[in-house]
Amino acid sequence: MESRTLLLVLGLHFTLLVNIEARVCSLGFIANGRQQCDDIDECKEWDSTPPCGSNATCSNTYGSFYCHCLPGFRSTTSFKFTPFAGECKDLNECLENPQVCGSNTICLNTIGSYNCQCQPGFRVTYAGHCADIDECNEIAGICGVGGDCQNQKGSYSCLCHPGYSNYDNKQAQCSVLTCEQFKANETPGQNVPGLAGLLSLMRKSCLALSNSGDAAGGRLTGEVLLENVFTEMDGLLSHAILNNSREVSGLLGTMEDAMRFIGPQLRDTHTTMETDHTATELAVRRGQTPPTGPISLANDNARLDTSWETATGNGTYPGFALAGLVSFKTVERSVNNSFQYLTDTDTATATASKPSYQISSKVVTAFVSNPATDHLTQPVILTFKHLQVRAESMEMNYTCVFWSEGRVQEEGGAWSRSGCTKVTSNATHTVCSCSHLSSFAVLMALYPVQNTFELRLLTWLGLSVSVVCLLLCILTFWLCRSIQGTRTTIHLHLCVCLFIADLVFLSGISHTQSKGGCGFVAGLLHLFFLGSFSWMLLEGVQLYRMVVLVFNTTIRPLYLYAVGYGLPLTIVIISAITYPDGYGTTQHCWLSLERGFIWSFFGPVCTIIILNTFFFIITVWRLAQKFSSLNPDLSNLRKIKVFTVTAVAQLCVLGTMWIFGVFQFQEEGTVVMTYLFTILNSLQGALLFIMHCLLNKTVREEYCKLLSCICTPQKKRYSEVSTTNPSSSQSQGSRSAENTGESQI
């Protein structure tokens, strides 16, 4: 039993030793059932993933294998390699052998191979070579009617005739290049001051480009020419504003022509330039086929959105397309009164008041290379930034306009709505849609306060009361002998000026149909309202003399008339000569706001108010000193005190009235300002009557005597006259003298 067990153990041990020896084979071999090691074919063992990758072939060897790169690939190590030692990378045949495709070809590398194609201007022949294409013969009119085609190896060039140009794009058609738009107007009085230098620069460059004429100095590059143009433009705009619409049209037209000429000569596809007075952005596309897609140009003041299809147009494609936007930073001051082409049918009904207009944005010029931009198939979108933040309301809205050239050359131009509509607007920006290109802006249409029945009734009643009171004042100061003196003379002519001004205001302030008549009414109002302030200035001077000089305070009538009427008449004459169109507006027969003409009234008024305030302060100060003296003349001082209070009161009423008058006659006048101005204008006559007549004891006594004479029977009056006591007459005369002569104070 034990021997059997021993034999079994020995047999198992021998079997294990045989199996162990069969498994131990070298790398690349595998043991078989006969205890032998056979070679492993590694190239066949990997069915899904080849051991050498997809860019190499696998070759088996006894006990191993190696990889060999396919054609078009190169090993990173040696010709034969294993995956552990290298890999196959694409071989760029185009770099390894630049002439692999032959001459006049382009080699295009691919993964593991390469392709050959002919260069532009060549095509494949039947023999497989690339031969030159003679574009001059194969494409009729390739250079246009104004150019000659010269074939070159692989290309061609167009030589333009005089008067034609392809703007240095030798493979573009030659288009007509006229330089007449840069010729200065030789008609006397038709030249735009300051444009001569710019026109000369552009004409010289244009003639050089078109090879016609003798252009000394040679050609300038597009970039240099663009910089020179804006240097000239800044010099023009920095000296002074343009004087009339004809000059504005000349400036805008010349700038647009210059940009159309310079744009195609720029090397870059996108150019921006900003100066003190302008901001410009230009976009250019060149090529054999017209460009497509959207265009967006913008600066701080405006934005243009259009398309390259609009820039190219439907005409002959010249080999380039251009779009540009120029913003003028100061021109709006010169075109803020050119509204004669604007009609009221778009914004106001037949019964509504006509609006007035103000420029509310910078003036911009939008242009493209397409010459036919009068009726665009797709409208352009312009976004403007407002000059001031203000939302639309019942009294104001925004409108989109363009600069329309004058129907005749002498007219210059004006703003027009034709072809432009407002898309949307808020307090800061307005978006416009226009079916043509030109120079554009946004206007504020300001609607005046409607003359309602209540306002007209208040005006008529208030001014009627004022006129009656002023007439009573005039009669009192003229006929009442007991109060005659320098101060009464001043009050008399003050009331005369206000009386005439109120009558003219009542009868003609709104009669704007006749321009000449409206201007005459405005001139009268200017004269007599200034006259009223001049007489108030004389009253301040008189009070100052009464307190400071004490003696000899009477002013000679000649001096009074010279200041009271001569000063305002001089101001009106100078104003009428300087700017005659400033008298009368479309809304009121009053002074225009244009060119600051309204300050020909408010300037003197403010000066007089300041001077009178100074005189009144000195007067009150000296009165306080006299009242605090040891022996004050209380009777005279109280009289001067009353005079001062009434003078200050009337100055406050008239001054306050014209504070509201400033807002009343502004285009953005409100209903509240209109009512306040009307009420104060109505109160001034009544106030003068109350202060200078009813509150004056001497005048009241004269009124009582007059009323007693009217009410007492004729017979009784005769008896009273005959029984009058001489002593009472004497006392009455002395009392009159006491109340009149300022020279005695």
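Residues numbered from 1 in each chain as written. Predicted model: local features only at pLDDT ≥ 70, side-chain atom pairs only at ≥ 80, totals over all residues. Heavy atoms only, no water.

Draft legend 1. Fine view of the overall build of the protein. Helix and strand counts for the protein stand at 18 helices and 28 strands. Within the protein, counting contacts between residues at least 6 apart in sequence, those at least 24 apart form 62% of the total. Put simply, the protein shows about 39,300 Å² of open surface, and 59% of that area lies on carbon and sulfur atoms. (Helix = DSSP H or I, 4+ residues; strand = E, 2+ residues; numbered from the N terminus. Contact = heavy atoms within 4.5 Å. Areas by Shrake-Rupley, 256 points an atom, 1.4 Å probe, with all protein chains shown as cover.)

Draft legend 2. Layout of the side chain of Thr476. With respect to the helices and strands, the residue Thr476 is situated in helix α9 (residues 453-479). Discounting chain neighbours no more than four positions away, the residues touching Thr476 are Ile483, Cys693, Val699 and Tyr703.

Draft legend 3. Examining the layout of surface pockets more closely. Roughly 700 Å³ of internal volume is contained in the second largest pocket. Along the wall of the second largest pocket there are 29 residues; nearest its centre are Tyr167, Ser175, Val176, Ser369 and Pro371. Of all the secondary structure elements, the ones that give two or more residues to the lining of the second largest pocket are β15 (175-176), α7 (245-262), α8 (308-312) and β20 (320-328). Looking at the lining of the second largest pocket residue by residue, the classes come out as 16 nonpolar, 10 polar and three charged. (1 Å grid on protein atoms, 1.4 Å probe; cavity = no way out; pocket = protein on both sides within 12 Å on 5 of 7 lines; lining within 4 Å. Points joined across faces, edges and corners; volume = space filled by probe spheres on them. Nonpolar A, V, L, I, M, F, W, Y, C, P; charged D, E, K, R; others polar.)

Draft legend 4. Region of the structure containing a nonpolar patch on the surface. A cluster of nonpolar side chains, namely Val468, Leu471, Leu472, Leu475, Trp478 and Leu479, defines an oily patch on the protein surface of about 590 Å² accessible area. Structurally, Leu472 is set in helix α9. (Patch = residues over 30% accessible without salt bridge, like charges linked within 9 Å, V, L, I, M, F, W, Y side chains within 5 Å. Salt bridge = Lys/Arg side-chain N within 4 Å of Asp/Glu carboxyl O.)

Draft legend 5. Focus on helix α6 (residues 222-239). Helix length check: α6, at 18 residues, gives a terminal C-alpha distance of 26 Å against a target of 26 Å (1.5 Å per residue), a fit within 8%. Restricting attention to buried positions, one finds in α6 the residues Gly222, Leu225, Leu226, Val229, Phe230, Met233, Asp234, Leu236 and Leu237. Structurally, α6 contributes buried residues whose contacts are with α5 (196-210), α7, β16 (270-274), β17 (278-286) and β20. (Expected span 1.5 Å × (residues − 1). Buried < 20%, exposed > 50% of the residue type's maximum accessible area, 1.4 Å probe, protein only.)

Draft legend 6. Up close: the sheet that holds strand β27 (residues 429-434). Spatially, five strands are ordered β18-β19-β23-β27-β26 in an open sheet, and the strand pairing comes out antiparallel. Two strands in the sheet have a free side with no partner beyond their single neighbour: β18 (294-298) and β26 (420-425). This sheet shows a mean twist of 20 degrees between the axes of neighbouring strands, independent of strand direction. Summarising the sheet, β26 and β27 pair through five bridges and their orientation is antiparallel. Residue pairing for β27: Ser425 is matched across the bridge by Thr430. (Pairing = 2+ DSSP bridges. Axes fitted to C-alpha atoms, helices over the stretch in contact; angles between N-to-C directions.)

Draft legend 7. Broad picture of the pairing of strand β28 (residues 439-446). With eight of its eight residues buried, β28 lies for the most part within the structure. Where burial is concerned, the two faces of β28 agree: the one with Ser439, Ala441, Leu443 and Ala445 and the one with Phe440, Val442, Met444 and Leu446 are both buried. Pairing of strand β21 (residues 356-359) with β28, which is carried by four bridges, proceeds in the antiparallel orientation. Each residue of the ladder has a partner; that of Gln358, found in β28, is Met444. Across two bridges, strand β22 (residues 363-368) lies against β28 in antiparallel orientation. Opposite Thr365, over in β28, you have Ser439 as the bridge partner. As paired strands, strand β24 (residues 396-405) and β28 are joined by seven bridges and run antiparallel to one another. Paired with Tyr398 across the strands is Met444, a residue of β28.

Draft legend 8. Representation of the packing of aromatic side chains in the model. A complete count under the given rule lists 15 aromatic pairs for this structure. Feature note: the residues Phe529, Phe533, Trp590, Trp599, Phe601 and Phe602 constitute an aromatic cluster, connected by ring pairs. Its end group placed over the ring of Tyr559, Arg556 keeps NZ or CZ at 5.4 Å from the ring centre. (Phe/Tyr/Trp six-rings, centres within 6.5 Å; stacked < 30°, edge-to-face > 60°. Lys NZ or Arg CZ within 6 Å of the ring centre and 35° of its normal.)

Draft legend 9. Region of the structure containing α7. The first and last C-alpha atoms of α7 sit 26 Å apart over 18 residues, in line with the 26 Å expected at 1.5 Å per residue. Here α7 lies mainly inside the structure; 15 of its 18 residues are buried.

Draft legend 10. Looking closely at the sheet that holds strand β6 (residues 80-81). Spatial strand order, β3-β4-β6: three strands in an open sheet with antiparallel pairing. Of all the strands in the sheet, the pair left with one neighbour each is β3 (56-61) and β6. Relative to strand β4 (residues 64-69), β3 runs antiparallel, the two sharing six bridges. The residue bridging Thr61 from the neighbouring strand is Ser64, located in β4.

Draft legend 11. Geometry of the nonpolar core. In this structure, Leu525, Trp590, Phe601 and Leu688 are the most contacted members of the largest nonpolar core, which totals 56 residues. Mapped onto this core, the elements with two or more residues apiece are α9, α10 (486-508), α11 (515-548), α12 (557-578), α13 (599-627) and α15 (671-694). Counting residues per element, this core draws most heavily on α11, which supplies 13 residues. Counting 49 residues, the second-largest nonpolar core is a separate cluster that includes Leu236, Ile262, Val331 and Leu443. (Core = buried A, V, L, I, M, F, W, Y, C linked by side-chain atoms within 4.5 Å.)

Draft legend 12. Quick look at the pattern of salt bridges. Throughout the structure, instances matching the rule amount to nine salt bridges. Between Lys89 and Glu87 there is a salt bridge whose closest N-O contact spans 3.6 Å. Residue Lys89 is classed as partly exposed on the basis of its relative accessible area of 45%. One salt bridge in this structure joins Glu256 and Arg260, with 3.2 Å as the shortest N-O distance. Of this pair, Glu256 and Arg260 both sit in helix α7, separated by four residues, roughly a single helical turn. Residue class for Glu256 comes out buried when judged on its relative accessible area of 17%. Given the relative accessible area of 22%, Arg260 is considered partly exposed.

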